[in-house]
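Listed here are the chains, written in short residue letters.
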Amino acid sequence: MNTTTPNTLGACCALAVALSCSALAGCARPTAAATPPAESPVQARHLDDGSIAVDKMSPLRQRLQVAAVLEQDIATQTDAPGSIEAMPEKLVKITPPLAGRITRLQRALGDSVKAGEPLFTLDSAELSAAYADDSKARSALLQARQELERQKTLFEAEIAARKEYESAQAAFAQANSDAQASADKLAQYGASARASRRDYVLRSPIAGTVIAMDGAQGGYWNDINAPVMTVADLSTVWLSANVAEKDLAQVAVGQTARISVDAWPGKHFEGKVAYVGAVLDAETRTVKVRVAIDNRAGTFKPGMFAHAGFAGASRRAILVPASAVLQSGLSTRVMVERSPLLFTPRTVEVGASHGGQVEILAGLKAGERIVVKEGVLLND
């Protein structure tokens with residue numbers, strides 16, 4: 001028989017009361033219901049006809065930019081690489097017509113010369129021999145003339161036979177021919193027939209600048225095919241550009257060309273198309289186009305790399321910002337606005353780029369409104 005003390009009984013009663021109150025308190029505490037997340041509005045809906053509708057509450061409304069398509073005047077720009085060249089008719093390689101020792105250089109590299117001014121002097125044995133041949137030829141001519149006059153007098157007096165007279169005529173004709181040949185040879189050398197010396201002075205045939213020097217004073221020059229120096233008039237130079245076959249329609253004689261050279265980055269110059277080649281290079285499929293450039297300031301040096309830009313005739317075309325053009329697989333599209341917040345993708349044919357704009361060849365008309373910025377978001 002268990003005996004329960006008064007203290008133990010009181011503790012048990014207190015514990016029971018506490019558990020009962022705790023249970024009642026738990027039942028009375030309200031339970032918080034879970035709040036479902038707010039549904040975000042649909043940004044764009046794809047309709048059955050292929051159109052795309054933007055919800056009125058969509059943030060796309062703030063990002064899409066729509067503008068009307070405009071027709072503008074444009075000119076197709078054709079660019080071609082090339083190089084600066086001296087004009088062939090204004091560049092002369094000075095080659096002496098005979099061998100000899102260079103006794104004096106009247107002009108140095110970089111000197112300016114006028115037409116007819118002396119460039120250098122040769123001491124030439126060939127020139128001396130040419131003078132001797134000319135002197136002999138003139139003496140023979142004088143003798144033949146005197147013999148012809150004597151035979152003519154005797155023939156007219158019926159003292160000499162006709163045969164002697166005709167022989168004198170033939171001898172005179174031959175002597176005259178020899179004298180003319182010797183005089184022509186001296187003239188070809190540029191020497192005077194009256195002079196009798198070994199010094200040969202070669203003069204400049206054009207006005208210009210000595211741009212190359214290969215001879216030295218005191219040296220012997222025996223190669224009549226090699227230039228001693230080169231004189232060129234560089235007041236006008238050529239830009240020789242290689243224009244692609246497909247761009248030839250954009251180039252014509254007299255057209256203004258925009259020129260840039262690697263030596264002067266950021267600067268542009270102008271020139272006139274002087275010549276369009278008549279022959280196409282079969283390997284490169286290009287044609288030589290020469291542009292005449294005013295070079296009195298000496299800015300352009302033969303051999304410089306350069307680029308030429310040729311502007312074609314002005315024409316009307318539809319241009320749209322490059323950001324309006326979307327690539328979708330193999331096709332190119334723009335988003336056309338049918339009505340506010342309703343857009344239809346349309347396939348277009350694009351042409352050349354002009355700065356930040358693209359030419360539309362087919363698929364759009366002037367006045368239509370298209371998405372010009374963030375149109376790619378309509379496909380997301």
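Residues numbered from 1 in each chain as written. Predicted model: local features only at pLDDT ≥ 70, side-chain atom pairs only at ≥ 80, totals over all residues. Heavy atoms only, no water.

As for the overall build of the chain
The number of helices and strands found in the chain is 4 helices and 23 strands. Taken over 380 residues, the chain has a buried fraction of 31%. Carbon and sulfur atoms provide 53% of the accessible area of the chain, an area that totals close to 23,400 Å². (Helix = DSSP H or I, 4+ residues; strand = E, 2+ residues; numbered from the N terminus. Buried < 20%, exposed > 50% of the residue type's maximum accessible area, 1.4 Å probe, protein only. Areas by Shrake-Rupley, 256 points an atom, 1.4 Å probe, with all protein chains shown as cover.)

Concerning the sheet that holds strand β12 (residues 229–232)
Here we have 4 strands laid out as an open sheet, ordered β5-β12-β10-β7, and antiparallel in their pairing. Two strands bound the open sheet, and with one partner strand each, they are β5 (91–94) and β7 (112–113). (Pairing = 2+ DSSP bridges.)

Quick word on the pattern of salt bridges
Counted by the stated rule, this structure contains 9 salt bridges. Between K246 and D247 there is a salt bridge, and its shortest N-O distance comes to 3.3 Å. The buried category is assigned to D247, whose relative accessible area is 16%. The shortest N-O distance in the salt bridge between R296 and D294 comes to 2.6 Å. Accessibility expressed as a relative area gives 68% for R296, which makes it exposed. Look at D294 and you get partly exposed, because its relative accessible area is 44%. (Salt bridge = Lys/Arg side-chain N within 4 Å of Asp/Glu carboxyl O.)

Examining the environment of E85
Its place among the elements puts E85 in strand β4 (residues 70–86). Assessed through its relative accessible area of 26%, E85 is described here as partly exposed. Residues E85 and T236, 151 residues apart in the sequence, show an inter-C-alpha distance of 9.7 Å. For E85, the contacting residues outside a window of four places in its chain are V237, W238, S240 and R290. (Contact = heavy atoms within 4.5 Å.)

Thoughts on the confidence of the model for the chain
In this model, the chain carries a mean pLDDT of 81, and residues with pLDDT of at least 70 account for 84%. Low confidence marks residues 1–42, where pLDDT is under 50. Its contacts with residues over four positions away, or in another chain, come to 5 contacts. (pLDDT = per-residue confidence, 0-100.)

What to know about the nonpolar core
With 22 residues, the main nonpolar core has I94, L119, F120, L127, Y200 and V231 as its most contacted residues. At the level of elements, β8 (118–123), α3 (125–156), α4 (162–189), β9 (199–203) and β12 are the ones that each hand at least two residues to this core. Apart from the residues lying within four places of it in its own chain, the contact partners of F120 are I94, P96, R104, L105, Q106, Y200, V201, L202, V228 and M229. Counting residues in each nonpolar core, the second largest holds 19 residues, with V243, I293, F300 and A308 among its members. (Core = buried A, V, L, I, M, F, W, Y, C linked by side-chain atoms within 4.5 Å.)

So, the sheet that holds strand β6 (residues 100–105)
Strand order in the open sheet formed by 4 strands is β9-β8-β6-β11, and the pairing between neighbours is antiparallel. The open sheet has two free edges, formed respectively by β9 and β11 (220–221), since each of these has just one partner strand. Sheet topology places β6 next to β8; 4 bridges connect them, and they run antiparallel. Across the sheet, residue R101 finds its bridge partner in β8, namely D123.

Side note on unusual backbone geometry
Leaving glycine out, the prevailing phi sign among residues is negative, and the prevailing peptide bond configuration is trans. Here the phi dihedral of E158 falls at roughly 60°; this positive angle occurs in a residue that is not glycine. Tracing the sequence through the fold places E158 in the loop between α3 and α4.

A short note on the environment of A292
Inspection of the secondary structure assignment puts A292 in strand β16 (residues 286–294). Given the relative accessible area of 23%, A292 is considered partly exposed. Along the backbone, A292 and I84 are 208 residues apart, and their C-alpha atoms lie at a distance of 9.9 Å.

Some remarks on α3
Along an α-helix, a turn takes 3.6 residues, which lines up residues three or four apart on a common side. Taking 1.5 Å as the rise per residue, α3 with 32 residues should run 46 Å; its terminal C-alpha atoms sit 47 Å apart, in good agreement. Within α3 the residues assigned to the buried category are L127, A130, Y131, D134, A137, L141, A144, L148 and Q151. Buried residues in α3 make contact with α4 and β9. Measuring from the backbone nitrogen of E126 back to the side-chain oxygen at the start of α3 gives 3.2 Å, which picks out S124 as the cap. (Expected span 1.5 Å × (residues − 1). Polar contact = N/O pair within 3.5 Å; in protein donor to acceptor, adjacent residues only side chain to side chain.)

Points about the pairing of strand β13 (residues 236–244)
Looking at chain direction, β4 and β13 are connected through 5 bridges and run antiparallel. Bridge assignment links E85 to a residue of β13, and that residue is W238. As paired strands, β13 and β16 are joined by 9 bridges and run antiparallel to one another. The residue of β16 that forms the bridge with W238 is A292.

Overview of the packing of aromatic side chains
For the structure shown, the criterion picks out 2 aromatic pairs. Here the aromatic rings of F155 and Y165 are separated by 5.2 Å at their centres, their planes lie at 10°, and the arrangement is stacked. You can see F155 sitting in helix α3 and its partner Y165 sitting in helix α4, a full 10 residues away along the chain. When the centroid spacing of 5.0 Å and the interplanar angle of 75° are considered together, the rings of F269 and F300 count as edge-to-face. With F269 in strand β15 (residues 269–276) and F300 in the loop between β16 and β17 (305–321), this pair connects stretches of sequence that are 31 residues apart. (Phe/Tyr/Trp six-rings, centres within 6.5 Å; stacked < 30°, edge-to-face > 60°.)

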